[in-house]
Structure formats: structure tokens, C-alpha cells
Amino acid sequence: MNEVWLNGRFLPADAANVPVFDRGFLLGDGVYEIVPVYSRKPFRLDAHLARLQHSLQGIRLANPYGIEAWRKIALELAARQDFADQSLLIQVTRGVPLPGQPLRDHAFPRDAAPTVLVFAQPLVPPAEAQKAAGVCAITAPDPRWQRCDLKVISLMANVLMRQRAVEAGCAETIFIRDGLLTEGAASNIFVVQDGTLCTPAPSTHMLTGITYEVVLELAARHGIAVRVGEVTEAGLRSADEIWMTSSTKEIMPVVMLDEMPVGNGRPGPVARQMDALYQQFKQDVMRR
Ligand code: PMP
């Protein structure tokens, strides 16, 4: 049985329970992080832990552990799974109000201990055939709040928009806010315009993906022209290439947008180059 970490100890998943009055359950009051693990080695763990810290600070919840404690939990949890490539989920909620306090007050409870859950699922990288074919996406006005830079568990808008994509037979919904590209419902978006890789700059309207950061580093290191800044809706629609990026989707070419072909309707050369660089980078990091 694969084990999970709950509030300070490892235990079998089917023995792990969270009280019904947990604010994560009642109010969606918490944050999460997803860390890819290859051959039981967490990928870019420090960056994920820094983003977790940013999310916790954003919801004014103290980080229950320091970096070293998190690292130990992540490594030990990864070691306790019977599969080597993993998607590790970390979730921290504002916990259960102490006795005598309201059970469902929006305002913070006093002195509640946070609930900390960490578990792993098998990580299956995107199939080569899917990368070679590309995926389709739809667009929608960005319906989310103003702090999309925080990885909060209250994901109603993302859930509904991802489902809309699935029902359209597509892989992703790409958001437009005030005429500008923000990101996907569960990914960051890059476009290639006349050989230049363009993507929105980090802001409170998007989550800065760890994959996004790796892609920008690789582009800089390998001489790919990059422009980080506004991408207009018109720029998105006329792009030669569109990709979605995330820890699980890696570099995934979008070949149809709102039923119109992107570029020539096939994954482009810059996507292929970046995917090769990304796969190499993953290998190098894991071998180290
Ligand atoms: N934006 C959103 C809204 C996401 O849910 C994700 C996936 N976590 C990303 C971007 C990509 O982040 P990462 O590259 O760290 O997986």
C-alpha cells in the first residue's frame, strides 16, 4: 500500500482521514502544490517550495514546515511509493476551528492547526504520439479572481473551464482578460510569432509555472529569441505556434484554436526544439 503524509506522519492512504469541519472541505480555504518526481527525485523542488511559500503568504497562513523539513517529507514519501515517476501533491488548509469557535465562519479561526496532506500518484508523461499530433484548445474570457498567482485549492472557475474544454473534445481552455492572453485553465501558454517565443510576464493574473520558468531558461541558454510581455488576443489567434506547458503536460503543441488551425495545423519547429531541450534537461537533472 502506498503511503501518504498527513499531519506529521506517514500512513496508508485508506487510513488517512480529514475531519468534516476542515476549512479546506467547507470553504476551499487552503493552497496546494504539485511536484513532478522522476526516478524518485523531485524536479525543481526548491522552486515548488518557494511557490508554496508564496501561496501560503498570499492567504496569510504560516508555513507549517521549513524547507529542510519539506524536503525530507517529499523524499521520504517518494521513497515509500511502489512507482518511481510520481506527481506529488502537497496541500495545506487552514484546518479545523478549535472547540467553541464557529464551524463555518469565513473569518480565520483562532489558533487552528493547519491540515497538511502530501500524497503521490503515478506520473505518466505525455505520449509521443500526442506530442506529434498536438492538441486542440478553446478560448474563453478569464472568469477567475485577481490573485491567480496563488495556487489555491478553491478552483471552481478552473474546474468549469477545463470541463468546457473536455466537452468540446479539447485539451485546454485558454483565458483572455481585457484583450490579453493570461494562461490556460491548468497550464501556461507560449506562442511563436515570426520565430520569437512570446509569453505573458508573471503577474497576479497567472500562475508562474515551474515549467514556464524552465522553458524561459532553456530558451535563453540556447539562443531562442524571447519576448516576455503582453500577448494580445489577435496575436494569439495569428500565432505560428501555440504551446501549453505544465509539469504534467510538459511542452504540448496546440494545433487547433477554437476550431481554426494554428499555423499550418501541425506542431511547429520551435515546439519540437523546446521539447527536445526539455527532455534533455530532465535527464541531466535526474542523473546529477
Ligand atoms: N497555470 C495554472 C492555472 C496551473 O494550474 C498550472 C499547473 N499547475 C500551471 C499554470 C503550470 O504550472 P507548472 O508548470 O508548475 O505545472
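One can find the structure itself at the top, above this paragraph.
Residues numbered from 1 in each chain as written. Predicted model: local features only at pLDDT ≥ 70, side-chain atom pairs only at ≥ 80, totals over all residues. Heavy atoms only, no water.

Visitor: Which parts of the structure should I look at to understand the side chain of K282?
Guide: Within the secondary structure, K282 sits in helix α8 (residues 269-287). If we skip the residues at most four places from it in the chain, K282 touches Y38, F43 and E250. (Helix = DSSP H or I, 4+ residues; strand = E, 2+ residues; numbered from the N terminus. Contact = heavy atoms within 4.5 Å.)

Visitor: Looking at this structure, how should I read the nonpolar core?
Guide: Across soluble globular proteins, nonpolar side chains show a tendency to be buried alongside one another. Core analysis: the biggest nonpolar cluster contains 25 residues, and W70, L88, I90, V92 and V118 have the highest contact counts within it. For this core, the secondary-structure elements that each account for two or more residues are β3 (30-38), α2 (45-58), α3 (67-79), β5 (86-93) and β6 (115-122). At five residues, α3 tops the list of elements feeding residues into this core. Apart from residues lying up to four places away in sequence, V118 is in contact with V4, W5, W70, I73, L77, L88, L89 and I90. One finds V214, L218, A219 and I224 within the second-largest nonpolar core, a separate group that totals 23 residues. (Core = buried A, V, L, I, M, F, W, Y, C linked by side-chain atoms within 4.5 Å. Buried < 20%, exposed > 50% of the residue type's maximum accessible area, 1.4 Å probe, protein only.)

Visitor: Whenever I open this one, the state of the cysteines confuses me. Can you help?
Guide: Disulfides are covalent bonds that link the sulfur atoms of two cysteine residues. Here the structure, examined in full by the defined rule, presents one disulfide. Between the sulfur of C136 and that of C170 lies a disulfide, 2.5 Å long from S to S. A torsion of -110° about the S-S bond marks the disulfide between C136 and C170 as left-handed. Of the two residues, C136 is situated in strand β7 (residues 135-141) and C170 in the loop between α5 (156-167) and β8 (172-177); the sequence distance between them amounts to 34 residues. (Disulfide = S-S within 2.5 Å.)

Visitor: Is there a simple way to think about the site of the ligand in this case?
Guide: Around the ligand, a shell composed of 16 residues is seen, among which R51, K151, E183, T211 and S247 lie nearest. Between R51 and the ligand, the recorded distance is 2.9 Å, taken from a side-chain N or O atom to an oxygen atom. Backbone polar atom of S247 to an oxygen atom of the ligand: 2.8 Å apart, as the coordinates give it. Protein contacts shield 91% of the accessible area of the ligand, which totals 390 Å² for the unbound molecule. Of all the secondary-structure elements, those providing two or more residues to the shell around the ligand are β9 (180-184), α6 (210-221) and β13 (241-246). Residue composition of the shell around the ligand, by class: four nonpolar, nine polar and three charged. (Near = heavy atom within 4 Å. Polar contact = N/O pair within 3.5 Å; in protein donor to acceptor, adjacent residues only side chain to side chain. Areas by Shrake-Rupley, 256 points an atom, 1.4 Å probe, with all protein chains shown as cover. Nonpolar A, V, L, I, M, F, W, Y, C, P; charged D, E, K, R; others polar.)

Visitor: What am I meant to see in the packing of α2 against α3 here?
Guide: Helix packing for two helices is described by the angle between their axes and how far apart those axes are. Relative to each other, α2 and α3 sit at 120°, their axes nearing to 11 Å. It follows that α2 is oblique to α3 by the angle criterion. The crossing of α2 and α3 is right-handed. Where α2 abuts α3, its residues L45, D46, L49 and L52 lie against I67, W70, R71 and A74. (Axes fitted to C-alpha atoms, helices over the stretch in contact; angles between N-to-C directions. Parallel < 35°, antiparallel > 145°, perpendicular 65-115°, else oblique. Left-handed = near helix turned anticlockwise from the far one by under 90°.)

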